[in-house]
Amino acid sequence: MNSPYPILDISNLSITFLSDGIKIPAVSSFSCRIMQGTCTAIIGESGCGKSVVAHAILRLLPKNSQVEGTIIFKNQNIYRLDERLLQSIRGKEIGIMFQSPDRALNPIYRLYKQMFQPLDTHKVVPVQEREAHIHKALIKAGFSNPELAARLYPCHCSGGMNQRAVTAIILSLEPDLVIADEPTKGLDRSKILDIQASLQEVLHEKRTLLLITHDIRLAHTMAHHIVVMYAGEIVEAGPANAILSSPSHPYTRGLIQSLPENGFNPIPGCAPPLTNLPEGCRFADRCYQVTKLCHKRPAKLTQVNGRMIRCHRY
Ligand SMILES: Nc1ncnc2c1ncn2[C@@H]1O[C@H](COP(=O)(O)OP(=O)(O)OP(=O)(O)O)[C@@H](O)[C@H]1O
Ligand code: NI
């Protein structure tokens, strides 16, 4: 049996957007190593930089972005690959389910064509098996009548159906690394379970999952590792069970306290604007354990009891 190896190694990734002459530091010094066959979940409030990290992995950021650091996928530096090689990695080796399914679907093609074309490009299954493969992927994504679903155009589908269609398209290509950005957004419980089962299959097949989600319950069920982001930085990272059952960083605690099953106590206030970050800890203004030092100096990410924490208390 192959021993696990880091399929994706992100080191010191910083991403800055330039908008109207203003620098927006969306992600700062993000490092994360993802072992083959595991699930890592990135959680954090809206705007903390989760999707930007996902897009950076496939070099899909817009032109007004500047990327520093390294992203190594299967020993290849993504930012040194030529575009042709990268094209062969996109979809076949790394599949991304975008947060907004509209970005992935072509409005003028039926779902069948949208599924057939990438299978054809990447030669995933023999031609004679493609239709059955497509129907199987649609069933797994929660379409009980795959023949009917395959004939639909995206405009015939609800947002949730399109979300599941995107899941079917990406998973039918059987990529080694699946990046799922909010795969269950806007879905009802039964459809969430369908998507969850499809993603779990990725792991059963010893492939790798990077899950980006606001659904902490989903992260708890799926993930081996958790990365908690706040205002563009990692504030806590490590084994999912340990972090979710016993969070250390005041922000992670706040996130978990804000869950309905824990009494729905949202963290007061909101994250600082990225264009006007505080001198000290970015969470200081909202932290119930804040000290003078927190306002003065940024905290470093430190290893404590098998996890990484960015907090002056550790
Ligand atoms: N093209 C861009 N130009 C300027 N700023 C951008 C651009 N894309 C993203 N940003 C900024 O980067 C920050 C992080 O955005 P990102 O989409 O990664 O957030 P997120 O954590 O995925 O949030 P959500 O949970 O709402 O999806 C945001 O403040 C956003 O405004
Ligand atoms: Ni996002």
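Everything numeric in this text was worked out from a predicted model, so none of it was measured.

Conventions we followed
- Residues numbered from 1 in each chain as written.
- Chains lettered and ligands numbered in written order.
- Predicted model: local features only at pLDDT ≥ 70, side-chain atom pairs only at ≥ 80, totals over all residues.
- Heavy atoms only, no water.
- Helix = DSSP H or I, 4+ residues; strand = E, 2+ residues; numbered from the N terminus.
- Rg over C-alpha atoms; globule rule 2.2 N^0.38 Å.
- Buried < 20%, exposed > 50% of the residue type's maximum accessible area, 1.4 Å probe, protein only.
- Contact = heavy atoms within 4.5 Å.
- UniProt positions renumbered as here; feature names shortened; annotations may be inferred.
- Pairing = 2+ DSSP bridges.
- Near = heavy atom within 4 Å.
- Polar contact = N/O pair within 3.5 Å; in protein donor to acceptor, adjacent residues only side chain to side chain.
- Areas by Shrake-Rupley, 256 points an atom, 1.4 Å probe, with all protein chains shown as cover.
- Nonpolar A, V, L, I, M, F, W, Y, C, P; charged D, E, K, R; others polar.

Peer 1: Looking at this structure, I do not really get the overall build of the chain. What am I missing?
Peer 2: For the chain, the count of helices and strands is 11 helices and 12 strands. Radius of gyration (C-alpha) of the chain: 20 Å, near the 20 Å computed for a compact globule of 314 residues. For the C-alpha atoms alone, the extent of the chain along its principal axes is close to 65 × 50 × 45 Å. Residues counted as buried form 50% of the 314 residues belonging to the chain. Considering only intrachain contacts with a sequence separation of at least 6, the fraction spanning at least 24 residues in the chain is 63%.

Peer 1: Would you take a moment to explain the UniProt feature "domain: ABC transporter" (unreviewed entry) in the chain for this structure?
Peer 2: Residues given the UniProt feature "domain: ABC transporter" (unreviewed entry) here are residues 8–256. A helix fraction of 37% and a strand fraction of 28% characterise residues 8–256, whose end C-alpha atoms lie 27 Å from each other.

Peer 1: Explain the pairing of strand β9 (residues 225–230) here, please?
Peer 2: Most of β9 sits out of view: five of its six residues are buried. In terms of strand pairing, β9 meets strand β10 (residues 233–239) through six bridges, oriented antiparallel. Bridge pairing links V228 to E236 in β10. Connecting β9 to the next strand, β10, in antiparallel fashion are two residues, including A231 with a positive phi near 45°.

Peer 1: Can you walk me through the site of ligand 1 in this structure?
Peer 2: Surrounding ligand 1, one finds 16 residues, the nearest of these being S46, G47, K50, Q99 and H214. A distance of 2.7 Å separates an oxygen atom of ligand 1 from a polar atom in the side chain of H214. When the free accessible area of ligand 1 is taken as 640 Å², the share hidden by the protein chains comes to 70%. Mapped by element, the contributors of at least two residues to the shell around ligand 1 are β2 (22–35) and α1 (50–57). Residues belonging to the shell around ligand 1 are distributed by class as follows: seven nonpolar, seven polar and two charged.

Peer 1: Before we go on, may I ask you to explain helix α10 (residues 250–257) in this structure?
Peer 2: Every α-helix carries 3.6 residues per turn, so stepping three or four residues along brings you back to the same face. Buried residues dominate α10, accounting for six of its eight residues. All of the buried residues in α10 are P250, Y251, T252, G254, L255 and I256. As for α10, its buried residues are in contact with β3 (39–43), α8 (216–222), β9, β10 and α9 (240–245).

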